[in-house]
Protein chains: 2
Amino acid sequence: MGGNNRTRHNREIERKFLVKWLPDDLKRSRSFVIEQGYLAAEPPSRQVRLRKTGRTVSLTFKVRRDRHREEREIKLSPKQFAALWPGTAGRRLRKVRYEIPCERLLIEVDIYRGRHAGLVVAEVEFPNTASCRRFEPPWWFGREVTGEKRYSNVRLALQ
Amino acid sequence: MGGNNRTRHNREIERKFLVKWLPDDLKRSRSFVIEQGYLAAEPPSRQVRLRKTGRTVSLTFKVRRDRHREEREIKLSPKQFAALWPGTAGRRLRKVRYEIPCERLLIEVDIYRGRHAGLVVAEVEFPNTASCRRFEPPWWFGREVTGEKRYSNVRLALQ
């Protein structure tokens, strides 16, 4: 089980956009349902999240300070997950994620379900600031919402 | 591993006291070192705690609403614990707990170490309100601090 633990400790270089149109070839992209809920969200930006992606269940700790982020994720056993999941009642969200390769980058398109149905968001992570600056949003992207709290997953789950 | 998960869902009937004198027979009581840290503490009273007691490591989710509390605990593998523990840096506390049977009750005496050294607290949990009312603090108990936030573990760990 330990082999599936993951720790990230880095500066965050990513941009987030609303999605105006779904690209025609979306259905050909790899996709999966994500269900997630928050055990605790401590202001300003410290959280413990439970997530279910297919058969994989995990617990993730995240904290951000300025643009630095620390992320620690462990895979849970189904029984560990089942014991904790009820603690996220009323603080959950569900979305379908599509992964779309785009030049050397990966665009993650999240189509929200449930009470946020209608919201579609695309996120792109960059290997460095140069590629971040160079990035030209494809025609189907809408307004950029990088850093807008109202579109953060934790805010959407809790509101 | 699932067999060690524990869920509590109950009204909370417990009282907490400062300890004036350590009882002479303390050293004969069962005792163990507890090290704990908080991944997140969401106001007013939602928290995710990591705890190490001897060789046992666990993650506990707690939430209180009025006098009702929900508590969900899972045992972690050493590797899961090692992956998450650094996330509690600067938000930890260490104490030695002594368990002292007293009539049909159990008194838990916590002797804090580290920057809270000098603080000694006793906690008693009751099976019902009648026994709670009937309880007569032993001579070595000091002031009652039930419900005082400044003596909560999460507050002590974070301050």
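Residues numbered from 1 in each chain as written. Chains lettered and ligands numbered in written order. Predicted model: local features only at pLDDT ≥ 70, side-chain atom pairs only at ≥ 80, totals over all residues. Heavy atoms only, no water.

**Details of the relation of the copies chain B and chain A**
Put simply, the second copy of the chain is the first one after a rotation about an axis and a shift along it. When chain B is brought onto chain A, the operation consists of a screw motion whose angular component is 180° and whose axial shift is 0.0 Å, with 0.0 Å RMSD remaining. Expressed as a symmetry operation, the mapping of one chain copy onto the other fits a two-fold axis. Of the C-alpha atoms belonging to chain B, the one lying closest to the rotation axis is found on Glu42(B), 2.2 Å away. Comparing contact sets, 100% of the residues at the interface of chain B also lie at the interface in chain A, consistent with an isologous, same-surface contact. (Least-squares fit on C-alpha atoms with pLDDT ≥ 70 in both. Contact = heavy atoms within 4.5 Å.)

**A short note on the side chain of Arg91(A)**
Along the chain, Arg91(A) falls in the loop between helix 1 (78-84) and strand 7 (92-102). Assessed through its relative accessible area of 9%, Arg91(A) is described here as buried. Engagement of the side chain of Arg91(A) in a polar contact is seen with the backbone oxygen of Tyr38(A), the distance being 2.9 Å. When residues no more than four places from it in sequence are discounted, the contact partners of Arg91(A) are Gln36(A), Gly37(A), Tyr38(A), Leu39(A), Ala40(A), Ala41(A), Ala157(A), Leu158(A), Glu42(B) and Arg46(B). (Helix = DSSP H or I, 4+ residues; strand = E, 2+ residues; numbered from the N terminus. Buried < 20%, exposed > 50% of the residue type's maximum accessible area, 1.4 Å probe, protein only. Polar contact = N/O pair within 3.5 Å; in protein donor to acceptor, adjacent residues only side chain to side chain.)

**Section: the confidence of the model for chain A**
A residue-level look at chain A finds 97% of positions with pLDDT of 70 or above and a mean pLDDT of 92. Interface predicted TM-score (ipTM) for the complex: 0.90; the corresponding pTM is 0.91. (pLDDT = per-residue confidence, 0-100.)

**Quick word on the interface of chain B and chain A**
Opposite the 27 residues of chain B that make contact, chain A presents 27 residues. The largest share of the area that chain B buries against chain A comes from Glu42(B), Arg72(B) and Gln80(B), three residues that together contribute 22% of it. For the pair chain B and chain A, the number of links is two salt bridges. Across the chain B-chain A interface, the total number found is 15 residue pairs in polar contact (both at pLDDT 80 or more). Broken down by secondary-structure element, the contributors of at least two residues to the side of chain B that touches chain A are strand 3 (30-42), strand 4 (46-53), strand 5 (56-65), strand 6 (68-75) and helix 1 (78-84) of chain B. The element contributing the most residues to the side of chain B that touches chain A is strand 3 of chain B, with five residues. Classifying every residue of the side of chain B that touches chain A gives 15 nonpolar, five polar and seven charged. (Buried area = accessible area lost by both parts, 1.4 Å probe. Salt bridge = Lys/Arg side-chain N within 4 Å of Asp/Glu carboxyl O. Nonpolar A, V, L, I, M, F, W, Y, C, P; charged D, E, K, R; others polar.)

**Description of the nonpolar core**
Grouped together as the largest cluster of nonpolar side chains are 28 residues, with contacts concentrated most on Leu59(A), Leu76(A), Leu84(A), Leu59(B), Leu76(B) and Leu84(B). Only strand 3 (30-42), strand 4 (46-53), strand 5 (56-65) and helix 1 of chain A together with strand 3, strand 4, strand 5 and helix 1 of chain B provide two or more residues apiece to this core. Other than its neighbours up to four places away in sequence, Leu84(A) contacts Leu39(A), Leu50(A), Leu59(A), Leu76(A), Leu59(B), Phe61(B), Arg72(B) and Ile74(B). (Core = buried A, V, L, I, M, F, W, Y, C linked by side-chain atoms within 4.5 Å.)

**Considerations on the pairing of strand 2 (residues 14-19) of chain B**
Residue and element names in this part refer to chain B. Burial analysis of strand 2 places six of its six residues in the buried class, which makes it a mostly covered element. As judged from the five bridges shared by strand 2 and strand 9 (residues 120-125), these two strands associate in the antiparallel manner. The partner of phenylalanine 17 across the bridge, within strand 9, is alanine 122. Bridge analysis of strand 2 against strand 10 (residues 141-144) gives two bridges, and the strand direction is antiparallel. Looking at strand 10, one finds that valine 19 is bridged to phenylalanine 141. (Pairing = 2+ DSSP bridges.)

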